[in-house]
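# Descriptive analysis of the structure
What follows is the residue order along each chain.
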Amino acid sequence: MLEAPSIHTLDISSNHIEDPAVLDEILAKMPNLAVLVCKDNDFCLKIENFRKTLIVKIPNLQQINERPVTDEDRRLAEAFMRGRVPAEREEKKAIKLDQAK
């Protein structure tokens, strides 16, 4: 069991982490993780659709590597994971309609 459920901000940049399993085995199990700095680690390059995957697997994430995670980012990432590019395109259209209201 993960021993640090209260971690809100985590900087693991330049730690030479290579194994992409760190996402499912550690990061995704941190229920309050909101800010993650993980640049300069090989595992980031090994996870397909890295940013979208992190957004979906870490529901409370608000920032990845100094870049905020917006509600729109979350909607698009979730759509992409459901149905790849076609679903993401449909969600973009839905977002535009919502913004026009």
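Here, the structure is the one placed above.
Residues numbered from 1 in each chain as written. Predicted model: local features only at pLDDT ≥ 70, side-chain atom pairs only at ≥ 80, totals over all residues. Heavy atoms only, no water.

## Notes on the overall build of the protein chain
Each helix and strand counted, the protein chain has 4 helices and 4 strands in total. C-alpha extents for the protein chain along the principal axes are approximately 45 × 25 × 25 Å. The 101 residues of the protein chain split such that 36% are buried. When the accessible surface of the protein chain is summed, it comes to about 6500 Å², and 52% of that surface belongs to carbon and sulfur atoms. Looking at charge distribution, the protein chain has the averaged site of its 16 positive side-chain charges lying 8 Å from that of its 18 negative ones. (Helix = DSSP H or I, 4+ residues; strand = E, 2+ residues; numbered from the N terminus. Buried < 20%, exposed > 50% of the residue type's maximum accessible area, 1.4 Å probe, protein only. Areas by Shrake-Rupley, 256 points an atom, 1.4 Å probe, with all protein chains shown as cover. Lys, Arg positive; Asp, Glu negative; His and termini not counted. Charge placed at Lys NZ, Arg CZ, Asp CG, Glu CD.)

## Notes on the pattern of salt bridges
Evaluated as defined, the whole model comprises 10 salt bridges. For aspartate 98, the salt bridge identified is with arginine 75, shortest N-O distance 2.9 Å. Judged by relative accessible area, which is 37%, aspartate 98 ranks as partly exposed. Its relative accessible area of 29% is what places arginine 75 among the partly exposed residues. It is possible to trace a salt-bridge network through shared partners that takes in Arg75, Arg82, Glu91, Asp98 and Lys101. (Salt bridge = Lys/Arg side-chain N within 4 Å of Asp/Glu carboxyl O.)

## Section: unusual backbone geometry
At histidine 16, a residue that is not glycine, the phi angle is positive and equals roughly 60 degrees. Following the sequence through the fold, histidine 16 ends up in the loop between β1 (9-11) and α1 (21-25). Histidine 16 gets classed as exposed once you look at its relative accessible area, which sits at 69%. Positive phi, normally seen in glycine, also occurs at asparagine 65, with a value near 50 degrees. With respect to the secondary-structure elements, asparagine 65 resides in the loop between β3 (63-64) and β4 (67-68).

## What to know about helix α3 (residues 50-57)
A turn of α-helix holds 3.6 residues, and therefore any two residues three or four places apart point the same way. For α3, the full list of buried residues reads Phe50, Arg51, Thr53, Leu54 and Ile55. Packed against the buried residues of α3 are α1, β2 (35-37), α2 (42-46), β3, β4 and α4 (71-100). (Contact = heavy atoms within 4.5 Å.)

## Focus: the nonpolar core
Formed by 20 residues in total, the largest nonpolar core has its most connected members in Leu27, Leu33, Leu36, Phe43, Phe50 and Leu54. Of all the secondary-structure elements, those providing two or more residues to this core are α1, α2 and α3. Per element, the largest residue contribution to this core is 3 residues, and it comes from α3. Not counting residues up to four positions away in its chain, the partners in contact with leucine 27 are Leu10, Val22, Leu33, Leu36, Phe43 and Ile58. (Core = buried A, V, L, I, M, F, W, Y, C linked by side-chain atoms within 4.5 Å.)

## Observations regarding the side chain of glutamate 88
With respect to the element layout, glutamate 88 can be found in helix α4. Assessed through its relative accessible area of 12%, glutamate 88 is described here as buried. Reaching out from glutamate 88, the side chain makes a polar contact with the side chain of lysine 52 at a distance of 3.1 Å. Glutamate 88 has contacts with Lys52, Leu76, Ala79 and Phe80, leaving out every residue within four places of it along the chain. (Polar contact = N/O pair within 3.5 Å; in protein donor to acceptor, adjacent residues only side chain to side chain.)

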